[in-house]
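# Structural features, examined
Here are the chains, one letter per residue:
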Amino acid sequence: MEEKFRNRSARIAVIGLGYIGLPTAIMFASSGFEVTGYEIRKEVVEKLKNGNSHIVEPGIDELLQRALESGKLKPTSEPRDIEGRDVYIICVQTPLKEDKTPNLGYLESAVRTVAKAMKKGSLVIIESTVPPLTTVKMAKLIEEISGLRAGEDFYMVHAPERVMPGRIFKELVYNSRIFGGINERSAELAEMLYRSFVKGQTFKTNSTVSEVVKLMENTFRDVNIALANEFAYLAHQYGIDVFEAIELANTHPRVKIHTPGIGVGGHCLPKDPHLLVWPAKDDFGIIKLAREINDSMPLFTKDLLFDGLKTLGIPPEEAVVAVLGLAYKGDSDDTRNSPALAFVEAIEDDVGEVRTYDPFVGGSAESVEDALKGADAAVIATDHSEFKSLDWEELGRLMRNRILIDGRHVVEVPPRDFVFKGVGRGEY
Ligand code: SAJ
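First, a word on what this report is: a plain description of the structure on this page. (Residues numbered from 1 in each chain as written. Predicted model: local features only at pLDDT ≥ 70, side-chain atom pairs only at ≥ 80, totals over all residues. Heavy atoms only, no water.)

### A short note on the overall build of the protein
Per the secondary structure count, the protein includes 15 helices and 13 strands. For 428 residues, the compact-globule estimate of 2.2 N^0.38 gives 22 Å, and the C-alpha radius of gyration of the protein, at 25 Å, lies within 12% of that figure. Taken along its principal axes, the extent of the C-alpha atoms in the protein is 75 × 50 × 40 Å. Across the 428 residues that make up the protein, the buried fraction comes to 53%. Within the protein, counting contacts between residues at least 6 apart in sequence, those at least 24 apart form 72% of the total. When the accessible area of the protein is evaluated, it comes to approximately 19500 Å², of which 50% is carbon and sulfur surface. In the protein, 52 side chains carry a positive charge and 65 a negative one; their mean positions are 8 Å apart. (Helix = DSSP H or I, 4+ residues; strand = E, 2+ residues; numbered from the N terminus. Rg over C-alpha atoms; globule rule 2.2 N^0.38 Å. Buried < 20%, exposed > 50% of the residue type's maximum accessible area, 1.4 Å probe, protein only. Contact = heavy atoms within 4.5 Å. Areas by Shrake-Rupley, 256 points an atom, 1.4 Å probe, with all protein chains shown as cover. Lys, Arg positive; Asp, Glu negative; His and termini not counted. Charge placed at Lys NZ, Arg CZ, Asp CG, Glu CD.)

### A closer look at the pattern of salt bridges
All told, the structure shown has 29 salt bridges when counted by the stated rule. Across the pair Glu161 and Lys214 runs a salt bridge whose closest N-O atoms are separated by 3.7 Å. Residue Glu161 is found in the loop between strand S6 (155-158) and helix H7 (168-174), and its partner Lys214 is found in helix H9 (residues 207-238); the two are separated by 53 residues along the sequence. The buried category is assigned to Glu161, whose relative accessible area is 9%. By relative accessible area, Lys214 is classed as buried at 6%. When salt bridges that share partners are traced, they join Lys120, Arg149, Glu152 and Asp153 into one network. (Salt bridge = Lys/Arg side-chain N within 4 Å of Asp/Glu carboxyl O.)

### Looking at the packing of aromatic side chains
Counted under the stated rule, the structure contains eight aromatic pairs. Relative to Tyr194, the ring of Phe28 has its centre 5.2 Å away and its plane inclined at 80°; by these criteria the two rings are edge-to-face. Taken together, the residues span a long stretch of sequence, with Phe28 in helix H2 (residues 21-30) and Tyr194 in helix H8 (residues 184-194) at a distance of 166 residues. By relative accessible area, which is 0% here, Phe28 ends up buried. Connected via pairs of aromatic rings, a cluster forms that spans Phe28, Phe33, Phe179, Tyr194 and Phe197. Over the ring of Phe306 we find Lys302, and its NZ or CZ is 5.5 Å from the ring centre. Across from the ring centre of Tyr19, 4.8 Å away, lies the NZ or CZ of Arg336, which sits over that ring. (Phe/Tyr/Trp six-rings, centres within 6.5 Å; stacked < 30°, edge-to-face > 60°. Lys NZ or Arg CZ within 6 Å of the ring centre and 35° of its normal.)

### Focus: the site of the ligand
The immediate surroundings of the ligand are formed by 19 residues, with Asn218, Arg221, Thr259, Tyr328 and Lys329 found nearest. Here Lys214 contributes a side-chain N or O atom positioned 2.7 Å from an oxygen atom of the ligand. Interatomic distance of 2.7 Å between a side-chain N/O atom of Arg221 and an oxygen atom of the ligand. When grouped by side-chain class, the residues that make up the shell around the ligand number six nonpolar, six polar and seven charged. Both domains that furnish three or more residues to the shell around the ligand are identified here as domain 1 (2-207) and domain 2 (288-422). (Near = heavy atom within 4 Å. Polar contact = N/O pair within 3.5 Å; in protein donor to acceptor, adjacent residues only side chain to side chain. Nonpolar A, V, L, I, M, F, W, Y, C, P; charged D, E, K, R; others polar. Domains from an automatic or database assignment.)

Right, here's the structure in full:
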């Protein structure tokens, strides 16, 4: 196998051509490997065959077209096209169900497809974020289906992705990577394979450690943001500006407090802490509590809005509210688990009218001005750059009443003649 990795003659199948699978398939194809990209959505495969990516990522169409032209990348939805490959890389989603437990259905079905297609000696890699112990369980599932022995007849590794959308092709090369094998040989093989394009550091460990590492990274952020949100909550009770306090606390050499706000969104942070604790018999509870705190922030922001309406004596059911921003984070068009959407949902039945505007996502209004015309309150729900330079005193002229709620600490100095409230801005 080493020789096949060195001279790029190993044949690779990537299962799932989404945000991670497609760029990964392109990277291996560009490094000279023959890559078959397997994707069950037929319309996606058709699009890809024509050189059009279904995901938004700088430079992706050009790289895709080059990989297709070189003949190294072949998208398919036929399981027989991935039979007998040396390497299988699984990049499918592992979302949560309604009850916040993991839905491993996509992963299991991908593993079954691989188990039927693989051969003796294949290396199976899971890049998806999974609950601890999953890779070992999936190795057993493969044993049952294929009759092959894990660690001897086939190798299995958890190799979590760590990239940030918008920078995927850079981060795939320069980020450090973890290879968690079900045995040492598995981890060694995966590390050798990825070294064909990874320039960052690489580390080998076992698959359960690697699963936990990935989940700890995002849980660390989620818990720290929850702590910052709790500080914000306290700041309101003490009548101080939490951002001033955080800035001063962060002058301590060993303190780095995160940023409070309207909530935590995206496809990772709201989900990964649940995956981390799910298989455990017991835990201390801070991880779950952090999730609850972060999930409560859109409601906290709703309270600020209703306080503002009360200050001006506006009955909520008559209020026209303009929500600026729908994406889960600044300068992104991604609305997955967006706290801005949770906020809209929380207020829409209680106020007269909700208008939305987002420069990347769209919304009911065409522009900030369009959203604010005749509105009673504006709520900043995403820290898009466009919202940082707004002239509120000018915009206030368009409004029926001047209430401004800042959910993302975008407004440094509250504008004159406004009722201003912000998450963590307890002094107003
Ligand atoms: N947020 C805050 N306060 C903060 C930081 C973030 O409220 O101090 C909010 C953001 O506004 C956003 C959410 O949290 O709504 C998540 O944003 P993010 O930028 O922290 O994370 P993601 O989900 O865009 O990307 C994360 C990254 N993980 C880490 O930084 C540990 C990324 O490196 C991972 O690749 C990605 O998750 C993933 O796929 O797991």
